[in-house]
Amino acid sequence: MGESTLAALVGALFGAVIGSFLNVCIVRLPADQSVVSPPSRCPRCGKPVEWRDNIPVLSWVLLGGKCRGCREPISILYPLVELATAVLWGVMAWRYGLSPEALKGALFGTLLLGIALTDAREYIIPNEFTYGGLAIGLILSAAGGLSAVLAALVGAAVGFGILWLVGVAGRWAFKEEAMGGGDIKMMAMVGSFVGWQGVLLTIFLGAVAGTAIFLPLTLIGKKKLVPFGVFLAIGAAVTYVIGPAIIDWYRRYLGVA
Ligand SMILES: [Zn+2]
């Protein structure tokens, strides 16, 4: 087995376990419940989930997507989140080896997935993902030395500042809450991972994606609340992967490269 294949396998197995924990976070954090206790149990019959029924992806498939006790269907979202996280961590480990670089990309993607799902389901972006993620972003930036820490701090400040200003302008213009506090804190977290240029690109991509998808729905009166965090998360993921190439291209286009 090649070295990168082995790294991918280790990454994917680790990611599956992280994904299992992410499921707990997605369900409990918006409800302000502890993510460590009590252990998971079936919401219908109350039967605690045994260890053999708690193996990421595999248990859901073996149980046929139903509780062992009462046969209540278990949402397919659980194995999908575990699978997505496993793929994410596997790809990062395959691409960057078992390195700080891989850990950074995998953690950032996991945070974005958690934010997108809680915002889509509950219109809530938990502080654990935003402030907690900001702390992770700043700590990981230390691997790149002082200049990287400064870049992360500036990115966080720009991300927070821009959305805060948008929120103030929105309240003034529309006399209602235009920007949720969760979105503002989220962009501080994103900025610590992608820097100030990445923040600008993320907001641009998020606004384009959000408008393209939600404007038609709003016009036909199907949707009122916009989970903007979902689109910012998509924008941030795209920025993390191909942002440097886009920013390079744009600087050449402007003739400042
Ligand atoms: Zn049950």
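These numbers come from a predicted model, not from an experiment.

Student: Could you clarify how one ought to interpret the environment of Ala93 in this entry?
Tutor: Relative to the assigned elements, Ala93 resides in helix 3 (residues 77-96). The spacing of Ala93 and Leu6 is 87 residues in sequence and 9.0 Å in space, taken between C-alpha atoms. Setting aside residues up to four positions removed in sequence, Ala93 forms contacts with Ala7, Ala8, Gly11, Leu98 and Ala102.

Student: When you look at helix 7 (residues 181-219) in this model, what are you seeing that I'm missing?
Tutor: Structural remark: α-helix, 3.6 residues per turn; residues separated by three or four positions point the same way. Compared with the 57 Å implied by 1.5 Å per residue over 39 residues, the 25 Å span of helix 7 between its first and last C-alpha is markedly short. Maximal helix bending in helix 7 amounts to about 120°, located at Gly195.

Student: How should the environment of Pro56 be read in this particular structure?
Tutor: Following the sequence through the fold, Pro56 ends up in the loop between helix 1 (3-28) and helix 2 (58-62). Apart from the residues lying within four places of it in its own chain, the contact partners of Pro56 are Ala16, Val17, Ser20 and Glu82.

Student: Sorry, what's going on with the packing of helix 4 (residues 100-122) against helix 5 (residues 127-141) here?
Tutor: It is at 11 Å that the axes of helix 4 and helix 5 come closest, and there the two elements cross at 170°. One way to sum up the angle between helix 4 and helix 5 is to call them roughly antiparallel. Only Phe129, Gly133, Ile136 and Leu140 of helix 5 make contact with helix 4, whose side of the interface consists of Leu103, Lys104, Leu107, Leu111, Gly114, Ile115 and Thr118. Among the residues forming the contact of helix 4 with helix 5, the class breakdown is 7 nonpolar, 3 polar and 1 charged.

Student: Looking at this model, I keep getting lost on the coordination of the zinc ion. Mind explaining?
Tutor: Four donors placed tetrahedrally about a metal ideally form angles of 109.5 degrees, and six donors placed octahedrally ideally form angles of 90 or 180 degrees. Distances from the zinc ion to its protein donors, Cys42 (SG), Cys45 (SG), Cys67 (SG) and Cys70 (SG), fall within 2.3 to 2.4 Å. Its 4 donor atoms give the zinc ion angles of 106 to 114° at the centre, a pattern that matches the tetrahedral case. One chain supplies every donor for the zinc ion, spaced along it as C-x2-C-x21-C-x2-C.

Student: Sorry if this is basic, but what is going on with the nonpolar core here?
Tutor: Here is a general trend for soluble globular proteins: nonpolar side chains tend to be buried in one another's company. Within the largest apolar cluster, 38 residues are counted, with the highest numbers of intra-cluster contacts made by Phe108, Leu112, Met186, Met189 and Val190. Per element, the largest residue contribution to this core is 11 residues, and it comes from helix 7. With sequence-adjacent residues up to four places away left out, Val190 is seen in contact with Phe108, Leu112, Gly195, Thr202 and Ala236.

Student: What's the story with helix 6 (residues 146-174) in this structure? I'm lost.
Tutor: In a regular helix each residue adds 1.5 Å, so 29 residues correspond to 42 Å; helix 6 covers 42 Å between its end C-alpha atoms and thus fits that length. Tucked into the core, helix 6 has its buried residues touching helix 5, helix 7 and helix 8 (228-254). Residue Lys175 follows helix 6 closely and has a positive phi angle near 55°.

Student: Explain the layout of surface pockets to me, please; I cannot follow it from the model alone.
Tutor: To find leftover empty space, a probe the size of one water molecule is rolled over the atoms. Taken as a whole, the largest pocket spans an internal volume of roughly 940 Å³. Looking at the lining of the largest pocket, the elements with two or more residues in it are helix 1, helix 2 and helix 3. The element that contributes the greatest number of residues to the lining of the largest pocket is helix 1, accounting for 6 residues. Here the lining of the largest pocket is built from residues that sort into 21 nonpolar, 10 polar and 8 charged.

The rules behind these values
Residues numbered from 1 in each chain as written. Predicted model: local features only at pLDDT ≥ 70, side-chain atom pairs only at ≥ 80, totals over all residues. Heavy atoms only, no water. Helix = DSSP H or I, 4+ residues; strand = E, 2+ residues; numbered from the N terminus. Contact = heavy atoms within 4.5 Å. Expected span 1.5 Å × (residues − 1). Bend = angle between axes of the 7 residues up to and from the residue. Axes fitted to C-alpha atoms, helices over the stretch in contact; angles between N-to-C directions. Parallel < 35°, antiparallel > 145°, perpendicular 65-115°, else oblique. Nonpolar A, V, L, I, M, F, W, Y, C, P; charged D, E, K, R; others polar. Donors = N, O, S within 2.8 Å, 3.2 Å for Na, K, Ca; no water. Tetrahedral: all angles 85-135°; square planar, octahedral: opposite > 155°, others 65-115°. Core = buried A, V, L, I, M, F, W, Y, C linked by side-chain atoms within 4.5 Å. Buried < 20%, exposed > 50% of the residue type's maximum accessible area, 1.4 Å probe, protein only. 1 Å grid on protein atoms, 1.4 Å probe; cavity = no way out; pocket = protein on both sides within 12 Å on 5 of 7 lines; lining within 4 Å. Points joined across faces, edges and corners; volume = space filled by probe spheres on them.

Geometric descriptors of this kind do not, in isolation, establish any biological role.
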